[in-house]
Amino acid sequence: MKAQVLYEPNVMKFETVDIPQIADNEVLVKIKTVGICGSDISYYYGHSPLGTADGKGPLIIGHEMSGEVVEVGSIPGGMGLFVPGDRVTLNPVMQCNACPACLNGQFNVCSHMLGVLGVANNGGFAEYCKVNYTHVYKLPEGVTYQDAALAEPLACATYAISQADIKLGQTVVIFGPGGIGLMMAQLAKSVGAGKVILVGRRDFPLNVGLKLGVDHVVNVADTASPYYAADLPAKVTELSGDLAERCMVATSNMNALQEALAVTGNRSTIVYFGLPGPEDELKVNVLEAINKDRILKFSWLAPGTWDTVLKAIAAKKVSLDEIVTHKFPLEEVEKGIDFMKNSKEDKIKGVIVVSE
Ligand SMILES: [Zn+2]
Ligand SMILES: [Zn+2]
């Protein structure tokens, strides 16, 4: 099969390699669409180590995958779980199922992670990928392969929104109008938020947010923008009558992480999602936080959300088409990664279309 193999930072080779041999408990999937995640960009440029034993390649990265089942191992086959031709998405995070966290369903903090497709094990930037049958989910009717490639980030966004515990009518400020922030904005409306205020630094994704049903957008960086506001807490108060009750931080920008504390009021909940650097620290005025009865949460991965996510896409509770702005063929993974990182063009999310 054709595959993009990452050998070391900045060295990815388009090669012919063996199609993975499946074990009795595995399923072989012909890959259709793979999302380019921010973490793929970090792995490619060597900003974060791979999940392999030595943190290095060679490895086929890409963990946001959809595809078609082509071969079924004897265990899932014997149970009649899958047949060739099934349209599926893959959950890349392989938990141990035996540690206390796993026994409580908190797979995101499993203490003996068996592997992660595209991070520690070969993943999706290839024509085929093998996966344990417990991590393959059939697509409901109406869910496209492109939608399904975004199921993984949507699952993470869904878990984060569930952490926010949004009550009917509440004002929600969302920092970061990237793919995840735009998913969170739609989910917040779906679960009953009153006003959703999306905060970013470029008008293009903020306009996509308005198209997807966000109530207000604020540009905190571009003074020429019609959405520009210098004083964000004042702007939130002007738009919603008060400081926000809920806040999602879907960016790694430390100013946003800090500003989340300034735009939220009494009995508010902030959910931190975007990954800052290893040395970054948040400054919290503890007395003020106590007096305001604040809740600060930190959301990681997506335990227990895949089923609802696929149903939500099928029920059109969230629209993903507007979020995918760029597509590249398997031959051009490096070009896609470079474009998503460095291009000044308007963009939100890129995907690799491996096969139609
Ligand atoms: Zn990802
Ligand atoms: Zn575990």
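Values in this document were obtained by computation on a predicted structure and should not be read as measured data.

**Observations regarding the coordination of the zinc ion (ligand 1)**
The coordination sphere of the zinc ion (ligand 1) contains the protein donors C37 (SG), H63 (NE2) and E64 (OE), at a distance range of 2.1 to 2.7 Å. Between consecutive donor residues of the zinc ion (ligand 1), the sequence gaps follow C-x25-H-E. Note on H63: relative accessible area 5%, which makes it buried. We classify E64 as buried; its relative accessible area is 1%.

**What about the nonpolar core?**
Core analysis: the largest hydrophobic core is formed by 50 residues, its most contacted members being M184 and M248. Contributing elements (two or more residues each) for this core: α4 (145–149), α5 (151–164), β10 (172–175), α6 (179–190), β11 (196–200), α7 (203–211), α11 (306–314) and β17 (349–353). In this view, M184 contacts A157, A160, I161, I174, M248, A250 and F273; residues no more than four positions away in its chain are not counted. If you look at the next biggest cluster of nonpolar residues, it comprises 45 residues, including I41, F82, A126 and M340.

**Quick notes on the pattern of salt bridges**
By the definition in use, this model includes 12 salt bridges. A salt bridge links D307 to K311; its shortest N-O distance comes to 3.1 Å. Placement of the pair is D307 and K311 together in helix α11, with a separation of 4 residues, close to one helical turn. Each of E288, K292 and R294 takes part in a single network of salt bridges with overlapping partners.

**Observations concerning the environment of F82**
Following the sequence through the fold, F82 ends up in the loop between α2 (74–78) and β5 (87–90). The exposure class assigned to F82 is buried, which follows from its relative accessible area of 9%. Residue contacts for F82: discarding those within four places in its chain leaves V27, V69, V72, P76, V88, Y133, V136 and K138.

**Describing the sheet that holds β10**
If you walk across this open sheet you meet the 6 strands as β12-β11-β10-β13-β14-β15, and the pairing is parallel. Every interior strand has two partners, whereas the edge strands, β12 (216–219) and β15 (295–298), have only one. Recorded for the sheet is a direction-independent mean angle of 15° between the axes of neighbouring strands. Where β10 meets β11, 4 bridges bridge the pair, whose relative direction is parallel. Residue pairing across strands places I174 opposite L198, the latter belonging to β11. Contacts from α6 reach β10, β11 and β13 (244–249) within the one sheet, and its direction differs from that of β11 by about 170°.

**A look at helix α9 (residues 254–262)**
Taken together, the buried positions of α9 are occupied by A256, L257, A260 and L261. Looking straight down α9, one finds that the buried residues subtend no more than 155° of arc, so they occupy a single side. The elements touched by buried residues of α9 are β10, β13, β14 (264–272) and β15. In this structure N253 caps α9, since a side-chain oxygen of it lies 2.8 Å from the backbone nitrogen of N255.

**Remarks on the packing of aromatic side chains**
For the structure on display, the rule yields 4 aromatic pairs. Measuring from centroid to centroid gives 5.3 Å for Y272 and F298, while their planes differ by 15°, and the two rings are stacked. Of this pair, Y272 sits in strand β14 while F298 sits in strand β15; the two residues are 26 residues apart in sequence, bridging distant segments of the chain. On the basis of relative accessible area, Y272 is assigned to the buried category, the value being 4%. What makes F298 exposed here is its relative accessible area of 57%. Positioned above the aromatic ring of F14 is the side chain of K2, whose terminal nitrogen or guanidinium carbon lies 5.5 Å from the ring centre. Geometry around Y45 places K341 over its ring, the cationic atom sitting 6.0 Å from the centre.

Cut-offs applied
- Residues numbered from 1 in each chain as written.
- Chains lettered and ligands numbered in written order.
- Predicted model: local features only at pLDDT ≥ 70, side-chain atom pairs only at ≥ 80, totals over all residues.
- Heavy atoms only, no water.
- Donors = N, O, S within 2.8 Å, 3.2 Å for Na, K, Ca; no water.
- Buried < 20%, exposed > 50% of the residue type's maximum accessible area, 1.4 Å probe, protein only.
- Core = buried A, V, L, I, M, F, W, Y, C linked by side-chain atoms within 4.5 Å.
- Helix = DSSP H or I, 4+ residues; strand = E, 2+ residues; numbered from the N terminus.
- Contact = heavy atoms within 4.5 Å.
- Salt bridge = Lys/Arg side-chain N within 4 Å of Asp/Glu carboxyl O.
- Pairing = 2+ DSSP bridges.
- Axes fitted to C-alpha atoms, helices over the stretch in contact; angles between N-to-C directions.
- Arc of directions from axis to C-beta.
- Polar contact = N/O pair within 3.5 Å; in protein donor to acceptor, adjacent residues only side chain to side chain.
- Phe/Tyr/Trp six-rings, centres within 6.5 Å; stacked < 30°, edge-to-face > 60°.
- Lys NZ or Arg CZ within 6 Å of the ring centre and 35° of its normal.

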